[in-house]
Amino acid sequence: MASVLVIEDDASVREGLELALRRQAHTVYTAESGELGLEKLRVFQPDIVVLDLMLPGIDGFETCRRIRSAGEVPIIMLTARSDDFDIVAGLEAGADDYVTKPIEPRVLDARIRAVLRRAVSEKPASDDAATGERHGGLVIDRAGLVVTKNGEPVSLTPTELKLLLELSRTPGQVYSRQQILSAVWDHDYLGDSRLVDACVQRLRAKIEDVPAKPEHVQTVRGFGYRFGRS
């Protein structure tokens with residue numbers, strides 16, 4: 001199905017995940033530290049990374065930041081805590097999704113498949129027609145799946161691109177966090193709204209001139225987000 005790099009220092013958890021994911025027909029590479037994980041990322045170029053946050057040496061947060069700075073490979077983080085601070089910090093570091101321990105292999109496999117569906121669905125189309133939508137200095141080409149800002153390409157992860165495409169499809173329409181979760185993450189549990197907020201924050205950092213005063217992705221207080229002004 002896909003090539004997965006599992007970065008996890010606990011040998012029993014790492015081996016259990018490797019066995020479970022192989023049973024789901026994934027190709028699995030493993031690493032017990034962030035340093036080794038970064039090395040294997042360069043060598044094997046996996047489709048997705050499953051990353052534990054509590055690692056020796058370079059911790060999961062820093063490993064996540066380094067993976068994200070090197071490219072747009074999707075990242076699912078593993079955390080032994082349900083503490084919002086750890087989860088939000090991991091999402092802000094660049095993770096696309098998260099699973100808390102103890103890990104249910106079927107849940108992890110479902111999250112992997114959902115993330116990879118976003119990556120596949122956002123591959124450039126073969127149609128060469130120019131369909132760029134201009135929003136000030138921001139141009140969204142839905143056919144080529146290319147986003148530019150002031151003429152320069154904007155590098156977005158599959159999740160960030162899917163979020164932007166969904167919000168910009170109907171400018172001015174307000175989307176609740178639950179609607180966004182369903183459309184972008186295939187989740188319908190409102191407790192995961194932090195996924196939306198963290199991804200919006202990362203998206204704003206890339207497409208807004210002043211992220212603290214966004215012109216494109218607007219917050220509708222107490223409800224959700226809309227693209228552009230009403």
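Throughout, a residue's number is its position along its own chain's written sequence, starting from 1. Predicted model: local features are reported for residues with pLDDT of at least 70 only, side-chain atom pairs are reported and counted for 80 or more only, and whole-chain, interface and lining totals are derived from all residues. Computation of side-chain values: all heavy atoms of the structure, hydrogens and water removed.

Visitor: Would you mind going over the overall build of the chain in detail, with residue names and values included?
Guide: Secondary structure is summarised from DSSP: a helix means a run of H or I of at least four residues, a strand means a run of E of at least two, and numbering begins at the N terminus for each. On a plain count of helices and strands, the chain comes out with eight helices and twelve strands. For the chain, the C-alpha atoms occupy an extent of roughly 50 × 40 × 30 Å along the three principal directions. Only protein chains enter the accessibility calculation, which uses a 1.4 Å probe; a residue is then buried when its area is under 20% of its type maximum, exposed when over 50%, and partly exposed in between. Going through the 230 residues of the chain one by one, you find that 51% of them count as buried. Between two residues, a contact is recorded if the distance between any of their heavy atoms is within 4.5 Å. Taking the intrachain contacts of the chain between residues at least 6 apart in sequence as the baseline, contacts between residues at least 24 apart amount to 57%. For the chain, the computed accessible surface area is about 11,000 Å², with 50% contributed by carbon and sulfur atoms. For the chain, the distance from the average position of its 30 positive side-chain charges to the average position of its 36 negative side-chain charges is 3 Å. Accessible surface is estimated by sampling points in the Shrake-Rupley manner with a 1.4 Å probe; for residues, cover comes only from the protein chains shown. In this charge count, Lys and Arg are treated as positive and Asp and Glu as negative; neither His nor the chain ends contribute. For the purpose of locating charges, the reference atoms are NZ of Lys, CZ of Arg, CG of Asp and CD of Glu.

Visitor: Go over the side chain of Thr30 with me, naming the residues and quoting the values.
Guide: Tracing the sequence through the fold places Thr30 in strand β2 (residues 27–31). Not counting the four nearest positions on each side in its chain, Thr30 is found in contact with Leu5, Val6, Arg14, Glu18 and Lys40.

Visitor: How would you summarise the sheet that holds strand β3 (residues 48–52) if you had to cite specific residues and measurements?
Guide: Strand order in the open sheet made by the five strands is β2-β1-β3-β4-β5, with parallel pairing throughout. Bordering the open sheet on either side are β2 and β5 (97–100), each of which pairs with just one other strand. Adjacent strand axes in the sheet meet at a mean angle of 20 degrees when their direction is disregarded. Sheet analysis places strand β1 (residues 3–7) next to β3, joined by four bridges and oriented parallel. The residue bridging Ile7 from the neighbouring strand is Leu51, located in β3. Angles run from 0 to 180 degrees between N-to-C directions of axes, and those axes are lines fitted to C-alpha atoms, restricted for helices to the stretch in contact. Across the sheet, helix α4 (residues 84–93) is in contact with β4 (75–79) and β5; its angle to β4 comes to roughly 160 degrees. Here, strands pair whenever DSSP counts at least two bridges between them.

Visitor: Help me get a handle on the environment of Leu164, residues and values and all.
Guide: Within the secondary structure layout, Leu164 lies in helix α6 (residues 158–168). Along the primary structure Leu164 and Phe227 are separated by 63 residues, whereas in three dimensions their C-alpha atoms are 8.4 Å apart. Each residue touching Leu164, except ones within four places of it in the same chain, is listed here: Ile140, Val147, Leu156, Leu203, Ile207 and Phe227.

Visitor: Summarise the pattern of salt bridges; cite the residues concerned and give the values.
Guide: The term salt bridge refers to a side-chain nitrogen of Lys or Arg lying within 4 Å of a carboxyl oxygen of Asp or Glu. Per the stated rule, a full pass over the model turns up 16 salt bridges. The salt bridge partner of Glu104 is Arg106, with a shortest N-O separation of 3.2 Å. A salt bridge links Arg142 to Glu133; its shortest N-O distance comes to 2.6 Å. Among the charged side chains, a salt-bridge network with shared partners connects Glu8, Asp52 and Lys101.

Visitor: Provide a residue-level description of helix α3 (residues 60–70), including the pertinent values.
Guide: Those residues of α3 lying buried are Gly60, Phe61, Thr63, Cys64, Ile67 and Arg68. One side of α3 carries all its buried residues, which in axial view fall inside an arc of 160 degrees. In α3, the exposed positions angled more than 90 degrees off the buried face are occupied by Ser69 and Ala70. Its buried side turned inward, α3 meets β1, α2 (34–44), β3, β4 and α4. Its side-chain oxygen 3.2 Å from the backbone nitrogen of Phe61, Asp59 forms the N-cap of α3. This arc is taken over the directions from the axis of the helix to the C-beta atoms. Between N or O atoms, a polar contact is any pair within 3.5 Å; within protein, one atom must be a potential hydrogen donor and the other a potential acceptor, and residues adjacent in sequence are included only when both atoms are from side chains.

Visitor: Describe the pairing of β1, and please don't skip the residues or the numbers.
Guide: Within β1, five of the five residues are buried, which leaves the element mostly enclosed by the surrounding structure. Across the two faces of β1 the burial is the same, with Ser3, Leu5 and Ile7 and Val4 and Val6 all buried. In the sheet, β1 pairs with β2 via five bridges, with the strands oriented parallel. Each residue of the ladder has a partner; that of Leu5, found in β2, is Tyr29. You can see the chain leave β1, run along helix α1 (residues 11–23) and come back into β2, and the turn it takes is right-handed. When the strands point away from the viewer, a crossover counts as right-handed if the route from the first strand across the helix to the second turns clockwise.

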